[in-house]
Each structure stands twice: as C-alpha cells, then as structure tokens.
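# Analysis of the macromolecular model
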Number of protein chains: 2
Amino acid sequence: MSGKIILHHAAPSRSSTALFMIEEIGAPYELDVLDLQKEEQYRPEYLAINPMGKVPAIEHEGQVITEAGAICAYLADAFPAANLAPLPGDPLRGLYFRWMFFQGSCLEPAIIDHVLKREPGRRGMMPYGTYETTVDTLEKAIEKGPWFLGERYSAADVYVGSAIAWGLQFKLLPERETFKRYVARLNERPARQRAMAIDQKLMAAAKPA
Amino acid sequence: MSGKIILHHAAPSRSSTALFMIEEIGAPYELDVLDLQKEEQYRPEYLAINPMGKVPAIEHEGQVITEAGAICAYLADAFPAANLAPLPGDPLRGLYFRWMFFQGSCLEPAIIDHVLKREPGRRGMMPYGTYETTVDTLEKAIEKGPWFLGERYSAADVYVGSAIAWGLQFKLLPERETFKRYVARLNERPARQRAMAIDQKLMAAAKPA
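From a predicted model like this one, the values you see are computed outputs, not experimental measurements.

### Considering the overall build of chain A
- A count of helices and strands for chain A gives 8 helices and 4 strands.
- The secondary structure elements of chain A, listed N-terminal to C-terminal, are β-α-β-α-β-β-α-α-α-α-α-α.
- Its C-alpha radius of gyration of 17 Å places chain A within 12% of the 17 Å reference for a compact globule of 209 residues.
- The principal-axis extent of the C-alpha atoms belonging to chain A is close to 40 × 40 × 35 Å.
- Across the 209 residues in chain A, those meeting the buried criterion constitute 55%.
- Contacts in chain A between residues far apart in sequence, at least 24 positions, make up 60% of those at least 6 positions apart.
- Accessible surface, chain A: about 9,000 Å² in total, of which carbon and sulfur atoms supply 54%.
- In chain A, the 24 positive side-chain charges and the 26 negative ones have mean positions that sit 4 Å from each other.

Structure, rendered in structure tokens:
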C-alpha cells in the first residue's frame, strides 16, 4: 500500500506507540505535533479528526484511524511486507488478536486503577478481573518468548510491548525479570530507537529555555 | 475455514457477544457452559484455557482465543463468506479497527467508572478522556448509520453494538434516540435473536426451582 501517513502526535504520550509502529513499517510519514500542555488536542480542528481529544490519530489514504491498537492492527495488515502480523488464515492470527485486545481491555485499565489506587469493582465485573491476574497472565504470555507470538515478532510487541516498557519505567508493573528482559529485547529494535530519538528531540524542544 | 468452534460460555456475561458473533458466521460450534456462580471459571482446567478466569474463550483449529473483541475480529477475518469485516486493502478497514478498539480502550472503562461512581483521573491520563466525550463520540459514530461502517454491517456492530445494548438495558448509557434506534436495528438480526434465545434458555435452566 502506498500513500503518505500523517501521524497526529505528542511526546511523550500514547502516540509514541504509533510512531514506533510507523517506524517499523518503514512507510513515508509526516508528523503533526500537538502541544498537550497548550491543550491543542481540544482545538476544533483536531476534534474534527478525533472527537475524543487525544492522540494518536493517523490519516492514510483518506481514512482517519484513532486508538493506538487500531492504528497498529491496521498498519500491520496494510503493509504486509513489514511482516508485523500473521495475516488471515495464518494459525497465529488468533493468538495475535488475543494480545492486541488484551492491552486495551485488561492491561491498561488494570494499570490505571492500580496507579490511582482505586478500589476495584467485583472481580467478575471488572474486564481485567484483578491487577495480579492481569500481571501474571501478561508474564506468562512472554515467559517463553522472545515475543508474544513466540519466535515471531509482531505488532502485538509494538503495542503491548510499549505498554510493558511504560509500565516498568513508571513502576506500574512489578520489576520482574521476565518484563525487564522483554523490554531490553524490545529496546534493541532499530525502529524503537528511531522513534525514541524523535520523541527525545521533541521533548527537548518543548522545554522552556 | 472449517473446524468446529468450542465456545466457553456463561449467560448472561460478556461471552454473549461471542455467541452472537458465532451465530452470525454460521459455523458449527458447541458450547461449554460454565456456572459463574459456582466459580467454574476459576477451576484449574479452565484457567489453563484462560488464566484471566473469565469468559468468553474459543477454541478453533487448535488455537485458544480470549477477549470478546479478539474473538470477533478473528472470526470476521477467518470466515470471510459471512462478510463481517472489510478485509485488508478495503478502504473501510481502518474505520472498522477504529471502532473495534474503541470498545475495550474507551467505552468499557468509561462505563465501568461511571457505574462505580469513581472519580476519574486526569483527563489526559484516562484512556477514554471523559465519560461524556466517550458517549458523544459513540453517538456520533452511529448517528448517520445504520451501522458503524455506514451501510455496511460488520463485527464492529456485533461487538460494540452488544455493549450499547447492554449499556441501555442497565441504564449505563443515556437513553438517547440514536442509541435506542440503533439497538432496535441490532435486535432485528436473526443471529442476535438466536443467541439471545439460547441465553434465555440457559438462564432459565440455571434458576433454582
């Protein structure tokens, strides 16, 4: 698939995951950098793109796609040459989706409730059950590794892996060896290093003199 | 794709969405019904399938897939004859993923915080921003309709639509005309009627005499 991608981005934010993904597929793109401190994400021009008032959003071939998970899933399928998803019909496709959806449905809400020290609801009602179960399930998923799909690196590592790295950095996940080793592997990806360098530069530029 | 599907199910629960989806694709399946009151979802045999201790989970062609969103996305791609997803390369594919991921990342956490009357965190930190924004964005997505992808019915309607129906039923979403009309359309789907009839039967059988 061709056509330049526009990434509506802010650093640091959830859209760093989308930047990492775009660097993985190696497609041409341009950044539209929003200043979240100035609340540019709530300006009418941007709300027309994403009424949720949050980054990331991408534009590609006339489509607007929001939600980091959707962006990763979409790009992985749209740029099959990058080999970032088992395509429909591949026996690993189900496992791939399992972890792609685990992130938004279980991991992120569990981490947020944990960091806000909120009393969770009844286990059966919470989409993630308990924080402990979520963390253990996550660890089990990558214990054998090296990736979520075993030997095969995929957009699930870009998406869920970014959350693990973020969770370790801010001590929202326990400092288990499995997580630390996994993030060390993820940090070796040249695409991740390029994305992090771009974010560092943006953050440095944003600092008041 | 062939091969019988096993759905690990309980009624009523999140797995009703997976049952609806399986009825839509028209593939052969069997139910493994768990009694959540008896906590059968935490038995070791079931935790070996889904360590999160929750339904739904499906088994298909040797794979285990958990998370209702993942199950819907997987089945939509695996059974293309049912025409429940724009496939890779289709211009609607991005929009389709946008709403598939919106459910777990925004809608469900927003509804749960709302029903638990929990103080939300800082807007930029919450994956869904605010409950009001989430509800308005959802309404805008189906305002034109009749479906999330316009004229095209898809697994996004099965998955996110089930959440809208559930949200209206338990008054977790405001009773807006857009939502009511949308659910009325969804309830006309024969697959949904079949799934609801199965669940009614299961619930009746579970009631103590």
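### A closer look at the sheet that holds strand E2 (residues 29-33) of chain A
Residues and elements named next belong to chain A.
- Strand order in this open sheet of 4 strands is E2-E1-E3-E4, and the pairing throughout is mixed. Strands at the two margins of the open sheet, each flanked by one partner only, are E2 and strand E4 (63-66). With direction set aside, neighbouring strand axes in the sheet form an average angle of 20°.
- Strand direction decides the pairing type here: strand E1 (residues 5-9) and strand E3 (residues 57-60), joined by 3 bridges, are antiparallel.

### Looking at helix H4 (residues 93-115) of chain B
All names here are of chain B.
- A rise of 1.5 Å per residue sets the reference length of H4, with its 23 residues, at 33 Å; its end C-alpha atoms lie 32 Å apart and thus fit the reference within 8%.
- Its axis deflected by about 50° at phenylalanine 102, H4 carries its strongest bend there.
- With 20 of its 23 residues buried, H4 lies for the most part within the structure.

### A few points about the domain arrangement of chain A
Residues and elements named next belong to chain A.
- Taken domain by domain, chain A consists of domain 1 (5-83) and domain 2 (93-191).
- Taking only C-alpha atoms into account, the centre of domain 1 sits 21 Å from that of domain 2.
- Contacts between the two partners involve 13 residues from domain 1 and, on the opposite side, 14 residues from domain 2.
- It is Phe20, Glu24 and Asn83 that lose the most area in domain 1 upon contact with domain 2, and together they represent 41% of the buried surface on that side.
- We note a salt bridge from glutamate 24 to arginine 189, for which the minimum N-O separation is 3.0 Å.
- Where domain 1 packs against domain 2, one counts 5 residue pairs in polar contact (both at pLDDT 80 or more).
- At the level of elements, helix H1 (15-25) and helix H3 (68-78) are the ones that each hand at least two residues to the side of domain 1 that touches domain 2.
- Tallied by class, the residues present in the side of domain 1 that touches domain 2 amount to 6 nonpolar, 3 polar and 4 charged.

### Observations concerning the relation of the copies chain B and chain A
- Relative to chain A, chain B is turned by 180° and slid 0.0 Å along the rotation axis, the superposed coordinates differing by an RMSD of 0.0 Å. On the angle and the small slide along the axis, the relation comes out as a two-fold axis. Scanning chain B for the C-alpha nearest the rotation axis identifies glycine 104 of chain B, at a separation of 2.6 Å.
- Most of the interface of chain B is mirrored in chain A, where 100% of its interface residues again form contacts.

Calculation notes
- Residues numbered from 1 in each chain as written.
- Chains lettered and ligands numbered in written order.
- Predicted model: local features only at pLDDT ≥ 70, side-chain atom pairs only at ≥ 80, totals over all residues.
- Heavy atoms only, no water.
- Helix = DSSP H or I, 4+ residues; strand = E, 2+ residues; numbered from the N terminus.
- Rg over C-alpha atoms; globule rule 2.2 N^0.38 Å.
- Buried < 20%, exposed > 50% of the residue type's maximum accessible area, 1.4 Å probe, protein only.
- Contact = heavy atoms within 4.5 Å.
- Areas by Shrake-Rupley, 256 points an atom, 1.4 Å probe, with all protein chains shown as cover.
- Lys, Arg positive; Asp, Glu negative; His and termini not counted.
- Charge placed at Lys NZ, Arg CZ, Asp CG, Glu CD.
- Pairing = 2+ DSSP bridges.
- Axes fitted to C-alpha atoms, helices over the stretch in contact; angles between N-to-C directions.
- Expected span 1.5 Å × (residues − 1).
- Bend = angle between axes of the 7 residues up to and from the residue.
- Domains from an automatic or database assignment.
- Buried area = accessible area lost by both parts, 1.4 Å probe.
- Salt bridge = Lys/Arg side-chain N within 4 Å of Asp/Glu carboxyl O.
- Polar contact = N/O pair within 3.5 Å; in protein donor to acceptor, adjacent residues only side chain to side chain.
- Nonpolar A, V, L, I, M, F, W, Y, C, P; charged D, E, K, R; others polar.
- Least-squares fit on C-alpha atoms with pLDDT ≥ 70 in both.

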